[in-house]
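# Report on the structure
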Amino acid sequence: QVQLVESGGGLVQAGGSLRLSCAASTTTFSINALGWYRQGPGKQRELVADISNGGSRNYAASVKGRFTIWRDNTKNTMYLQMNSLKPEDTAVYYCNAGGTYDRGSYYRGDYWGQGTQVTVSS
């Protein structure tokens, strides 16, 4: 099983920045597509950014221009840089692995991290 651990969440004021990390326990992390999801209180879990094993990326419209996703396959780690944070970004952020990337779209995999809380105050 792929073990994923997110880190980097915290409390930040609106307009601030955070960087999230997702580290995998196995090298299988590096060969598949990856995504960052988030789930706010009372909301559905939503995809906010994804990246293929070749580096192709997609962003949800709500975060485009503010968030950046990248991966370092040599470290089995994926990152999400979040700038210009808004209160509506408040959520638990989850790393997803084992996904596929087909025709430009991400399809989630079966592996999830435990989540890291991001809270943006107004």
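Refer to the preceding data block for the structure.
The sections below set out a description of the structure shown in this document.

What the protein chain contains, in helices and strands, is zero helices and twelve strands. Reading the protein chain from its N terminus to its C terminus gives the helix and strand order β-β-β-β-β-β-β-β-β-β-β-β. Over its C-alpha trace the protein chain gives a radius of gyration of 13 Å, about what one expects of a compact globule, namely 14 Å for 122 residues. The principal-axis extent of the C-alpha atoms belonging to the protein chain is close to 40 × 30 × 25 Å. Relative to its 122 residues, the protein chain shows a buried fraction of 44%. In the protein chain, 58% of the contacts between residues at least 6 apart in sequence involve partners at least 24 apart.

This part covers the packing of aromatic side chains. What the rule picks out here adds up to four aromatic pairs. Considering the side-chain rings of Tyr37 and Tyr106, the 6.4 Å spacing of their centres and the 55° angle between planes classify their relative orientation as tilted. A residue pair is termed long-range when its members are at least 10 positions apart, and Tyr37 in strand S4 (residues 33-39) and Tyr106 in strand S10 (residues 105-107) qualify at 69 residues. When its relative accessible area of 7% is taken as the criterion, Tyr37 is described as buried. The class of Tyr106 is buried, set by a relative accessible area of 9%. Arranged with centres 6.3 Å apart and planes meeting at 90°, the rings of Tyr94 and Trp112 form a pair that is edge-to-face. With Tyr94 in strand S9 (residues 91-102) and Trp112 in strand S11 (residues 111-112), this pair connects stretches of sequence that are 18 residues apart. Residue classification places Trp112 among the partly exposed positions, given a relative accessible area of 29%. Following the ring pairs from residue to residue traces out a cluster consisting of Tyr37, Tyr94, Tyr106 and Trp112. Sitting over the face of the ring of Tyr94, Arg45 holds its NZ or CZ atom 3.8 Å from the ring centroid.

Pairing is antiparallel across the open sheet formed by four strands, whose spatial order is S1-S3-S8-S7. The open sheet has two edge strands with one neighbour each: strand S1 (4-7) and strand S7 (67-72). With direction set aside, neighbouring strand axes in the sheet form an average angle of 15°. The sheet contact formed by S1 and strand S3 (residues 18-24) spans four bridges and is antiparallel. Bridging across to S3, Val5 finds its partner in Ala23.

Take the state of the cysteines next. Within this structure, the stated rule accounts for one disulfide. Across the disulfide, Cys22 is cross-linked to Cys95 (sulfur-sulfur distance 2.0 Å). Note on the Cys22 and Cys95 pair: the S-S dihedral is about -75°, so by sign convention the disulfide is left-handed. One end of the pair, Cys22, is in strand S3; the other, Cys95, is in strand S9, with 73 residues separating them in the sequence. Residue classification places Cys95 among the buried residues on the basis of a relative accessible area of 0%.

Here we take up the nonpolar core. Judged by nonpolar contacts, the single largest core of 27 residues is most densely connected at Leu4, Phe29, Trp36, Met78, Leu80, Met82 and Tyr93. Breaking this core down by element, the ones donating at least two residues are S3, S4, strand S5 (46-51), S7, strand S8 (77-82), S9 and strand S12 (116-121). With sequence-adjacent residues up to four places away left out, Leu80 is seen in contact with Leu18, Arg19, Leu20, Trp36, Val48, Ala49, Phe67, Thr68, Ile69 and Tyr93.

What counts and how
Residues numbered from 1 in each chain as written. Predicted model: local features only at pLDDT ≥ 70, side-chain atom pairs only at ≥ 80, totals over all residues. Heavy atoms only, no water. Helix = DSSP H or I, 4+ residues; strand = E, 2+ residues; numbered from the N terminus. Rg over C-alpha atoms; globule rule 2.2 N^0.38 Å. Buried < 20%, exposed > 50% of the residue type's maximum accessible area, 1.4 Å probe, protein only. Contact = heavy atoms within 4.5 Å. Phe/Tyr/Trp six-rings, centres within 6.5 Å; stacked < 30°, edge-to-face > 60°. Lys NZ or Arg CZ within 6 Å of the ring centre and 35° of its normal. Pairing = 2+ DSSP bridges. Axes fitted to C-alpha atoms, helices over the stretch in contact; angles between N-to-C directions. Disulfide = S-S within 2.5 Å. Core = buried A, V, L, I, M, F, W, Y, C linked by side-chain atoms within 4.5 Å.

Functional significance is not addressed by these values, which are geometric in nature.
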